[in-house]
Amino acid sequence: MTRRPGFLVYGLLTAFVLGSAMPLWWSFVIGSHTKEIVNRDTPPLVPGGHFLSNAARVFDTVDFWKALSNSLIVSTVCAASVVFFCTLAGYAFAKLRFRGSTPLMVFVVATLAVPTQLGVIPLFILMADLGWTGTLAAVIVPTLVTAFGVFFMRQYLVDAIPDELIEAARVDGCSMIRVFWNVAVPAARPAAAILGLFTFMTVWTDFFWPMIALPASNPTVQIALQQLQSGYYVDYALVLCGAVLSTIPLLVLFVLTGRQLVAGIMQGAVKG
Amino acid sequence: MPSTTQLTWRQRLSRWDVRVSPYLYVAPFFVLFLLVGMFPLLYTGWVSVHDWSLLGGKGDFVGVDNYTKVFGDQYFWVALRNTVSIFLLSSVPQVLLALVVAGLLDNELRGKVLWRMSVLVPFVVAPAAVALIFGNLFGDKYGLVNAVLGVVGIDPVRWHVDTLASHVAIASMVNWRWTGYNALILLASMQAVPRDLYESAALDGAGRVRQFLSVTIPMIRPTLIFVVITSTIGGLQIFTEPRLFDNVGLGGSDRQWQTVTLYLWELGWRIRDLGTASAVAWLLFGFITAFALLNLVLGRRLSHLHGHAHGRGLGRRRR
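Remember, predicted model here, so these are calculated numbers, not experimental data.

Procedures and definitions
- Residues numbered from 1 in each chain as written.
- Chains lettered and ligands numbered in written order.
- Predicted model: local features only at pLDDT ≥ 70, side-chain atom pairs only at ≥ 80, totals over all residues.
- Helix = DSSP H or I, 4+ residues; strand = E, 2+ residues; numbered from the N terminus.
- Rg over C-alpha atoms; globule rule 2.2 N^0.38 Å.
- Buried ≥ 20, exposed ≤ 12 C-beta atoms within 10 Å, placed from the backbone.
- Contact = placed C-beta atoms within 7 Å.
- Domains from an automatic or database assignment.
- Core = buried A, V, L, I, M, F, W, Y, C linked by C-beta atoms within 7 Å.
- UniProt positions renumbered as here; feature names shortened; annotations may be inferred.
- Pairing = 2+ DSSP bridges.
- Nonpolar A, V, L, I, M, F, W, Y, C, P; charged D, E, K, R; others polar.
- Axes fitted to C-alpha atoms, helices over the stretch in contact; angles between N-to-C directions.
- Parallel < 35°, antiparallel > 145°, perpendicular 65-115°, else oblique.
- Left-handed = near helix turned anticlockwise from the far one by under 90°.
- pLDDT = per-residue confidence, 0-100.

Draft legend 1. How the structure looks around the overall build of chain B. Assigned secondary structure in chain B consists of 15 helices and 2 strands. Whereas a compact globule of 319 residues would reach a radius of gyration of roughly 20 Å, chain B reaches 25 Å, over 25% beyond that. Dimensions of chain B, computed from the C-alpha atoms along their principal axes, are close to 100 × 75 × 35 Å. By residue count, 45% of the 319 residues in chain B fall in the buried class.

Written out as structure tokens, the structure is:
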């Protein structure tokens, strides 16, 4: 492309970004009005002054603190576990030679496209047999590892660690696990951060499985959102205030780490 | 003598370390993945040939009865139609728009990183929240979309009643959340296009649009195919958006927007018939696999560049 963009490019991009922001803004507008104003024939276009009182109602209606802490626990544990186990396996596939490594890696890649979500029914039976349904363990265990994580870490580590470095460490008498710890882990850090971030977001925003596995009394944030809407009459000031509240933690994370997120998505696209 | 025996013992230990360690490193992944990923998927087939109630557990072996039941249920076909319709309405415009946005981003922009982050904002909003927000935007009575349509003189659309209208509303949730994300994937592959190709195209008198169509699109085709495949796998399983589009959560009074996964859930957890629900899961699994393989074969044919084996997998797994 011609590399000097004109006003047209900026104009179109601005329009797209405004369109992207609009629904979130709208959610805030509705979430900051009383329900009487929301149900008028002409919808309000600017925020009102009732966001905090609506927020208080959200916390009164559902156990939002519990939902937040549940989501935080589940997402953090899954992210940490995925990063650890997938770095370990990804490193083995990237740098260690062992019998069967190729077919095993082919298996990992093949399962990337498998919709494991469709295994919910046996998963539910399994969790029920173990007595885990209703507990956070039921939500955590299915996402302790991901095939994508192994693939992602392998792709990164293949180029990130020079073989000579591993050999040198071995010659110096390092055991295999010490090589992993002292050579692979430091090298894996940037990719591990991205993988952790994505896993955290995926688990935080997941709805299907938590809805099946968790009862109303022990919800994650997404399940609490559903409860806000589940009555016979939908109070949109309440519901959309909740939608905004549920998004704030990820928005904060996004502001802090958006750069890495963008890099991760773009890296994922090219490095494959 | 003792020193040499110690040395061989060490060597032996070290050799054992080299040989066994790789398996120990990959084992946790495979054990866990097989247990909570693959095993349930395969065991679904076993459940699907039994009477299996949510509360009573396993009953008699019934062969293909559950499948016959599913094929005889008109709601299954309605759900299949809805799923394909919503999928088409969300994937086609999404890929086209993502291409345009990626083309716009593929310039020497001021504040490059900020623009890239900005298009990604919708990705941060969880599907559940997106569904609630769009359920309101597309409200039949007080929704903003109908209000805007009213300004231009169009009668209010019954988004929660009419089949096609509900599909448009649900597809727009998917489009909104994923367009920017896909634009970034496409942007990454656009940036790998050698710049001198554009220069020679420009020398041949090709304008910007022509360059985009004749140089950019063919060069990024593998990534494009990849984006289509992953959005197929995700799109055909769509659940959260239709489930939360209204406060009942079953896909409309006549199942106007009930998708296959939503149908599966209703069978399993409302009607409490896990056997039949499993049959649906396997049918959907087969459908998706066939679709993905077809895409793969086509993709292999079309792409000569190095494979782009993933990308969307990053955040895509569930919706």
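Back to the write-up after that little detour.
Draft legend 2. Representation of the overall build of chain A in the model. The helix and strand inventory of chain A stands at 13 helices and 0 strands. The linear arrangement of helices and strands in chain A, starting from the amino end, is α-α-α-α-α-α-α-α-α-α-α-α-α. Taken along its principal axes, the extent of the C-alpha atoms in chain A is 75 × 65 × 30 Å. Looking at chain A residue by residue over its 272 residues, the buried ones come to 49%. Restricting the contact set of chain A to residue pairs at least 6 apart, pairs at least 24 apart contribute 73%.

Draft legend 3. Structural view of the domain arrangement of chain B. Taken domain by domain, chain B comprises domain 1 (2-48) and domain 2 (65-316). Between domain 1 of chain B and domain 2 of chain B, the contact holds 4 residues from the first and 7 residues from the second.

Draft legend 4. Seen up close, the nonpolar core. Counting residues in each nonpolar core, the largest one holds 167 residues, and the members touching the most others are B:Leu186 and B:Val280. The greatest single-element share of this core, amounting to 17 residues, is contributed by helix α10 (residues 176-205) of chain A. Three or more residues apiece are contributed to this core by two domains, here domain 1 (2-48) and domain 2 (65-316) of chain B. Aside from chain neighbours lying at most four places away, what touches B:Leu186 is B:Ala98, B:Leu99, B:Ala102, B:Ile220, B:Thr223, B:Leu224 and B:Val227.

Draft legend 5. The arrangement of the UniProt feature "transmembrane region" (unreviewed entry) in chain A in detail. Residues and elements named next belong to chain A. As annotated in UniProt, the feature "transmembrane region" (unreviewed entry) corresponds to residues 7-26, 72-94, 106-126, 132-152 and 232-256 in the numbering used here. Along residues 7-26 one finds 100% helix and 0% strand; the C-alpha atoms at either end are 27 Å apart. Secondary structure content for residues 132-152 is 52% helix and 0% strand, and the end C-alpha separation is 30 Å.

Draft legend 6. Seen up close, the UniProt feature "domain: ABC transmembrane type-1" (unreviewed entry) in chain A. What UniProt calls "domain: ABC transmembrane type-1" (unreviewed entry) maps, in this numbering, to residues 68-257 of chain A. Secondary structure across residues 68-257 of chain A comprises 77% helix and 0% strand; the distance between its end C-alpha atoms is 20 Å.

Draft legend 7. Layout of the pairing of strand β2 (residues 57-61) of chain B. In terms of burial, β2(B) is largely open, as just 0 of its 5 residues are buried. Hairpin connection from strand β1 (residues 50-53) of chain B to β2(B): 3 residues lie between these consecutive antiparallel strands.

Draft legend 8. View of the environment of B:Gly63. Position of B:Gly63 relative to the elements: it lies in the loop between β2 and α2 (65-72). Put simply, B:Gly63 and B:Val26 are 37 residues apart on the chain and 38 Å apart in space, counted from C-alpha to C-alpha.

Draft legend 9. The arrangement of unusual backbone geometry in detail. Residue and element names in this part refer to chain B. Unlike most non-glycine residues, arginine 255 shows phi in positive territory, near 60°. Looking at the element boundaries, arginine 255 is found in the loop between α12 (240-243) and α13 (260-270). What makes arginine 255 partly exposed here is the crowd of 19 C-beta atoms within 10 Å.

Draft legend 10. Local environment of the interface of chain B and chain A. Each side of the interface is counted separately: chain B has 86 residues, and chain A has 91 residues. If one sorts the elements of the side of chain B that touches chain A by residue count, helix α1 (residues 2-48) of chain B sits on top with 18 residues. In terms of residue class, the side of chain B that touches chain A is made up of 58 nonpolar, 21 polar and 7 charged.

Draft legend 11. Quick look at the pairing of β1(B). Where β1(B) and β2(B) come together, 3 bridges link them in antiparallel fashion. Along β2(B), the bridge assignment pairs B:Ser53 with B:Gly57.

Draft legend 12. Broad picture of the packing of helix α9 (residues 163-171) of chain A against α10(A). Residue and element names in this part refer to chain A. Where α9 meets α10, the axes come as close as 10 Å, and the angle between the chain directions of the two elements is 140°. In terms of axis orientation, α9 runs oblique to α10. Read as a crossing pair, α9 and α10 show a hand that is right-handed. Note on element contacts: α10 touches α9 through Val179, Asn182 and Val183, opposite Leu165, Ile166, Ala169 and Arg170. Per-class residue counts for the contact of α9 with α10 are 5 nonpolar, 1 polar and 1 charged.

Draft legend 13. Inspection of the confidence of the model for chain A at higher detail. With 97% of its residues at a pLDDT of at least 70, chain A reaches an overall mean of 91. Taken element by element, the predicted model of chain A shows its lowest mean pLDDT in helix α2 (residues 35-38) of chain A (80) and its highest in helix α4 (residues 64-95) of chain A (97).

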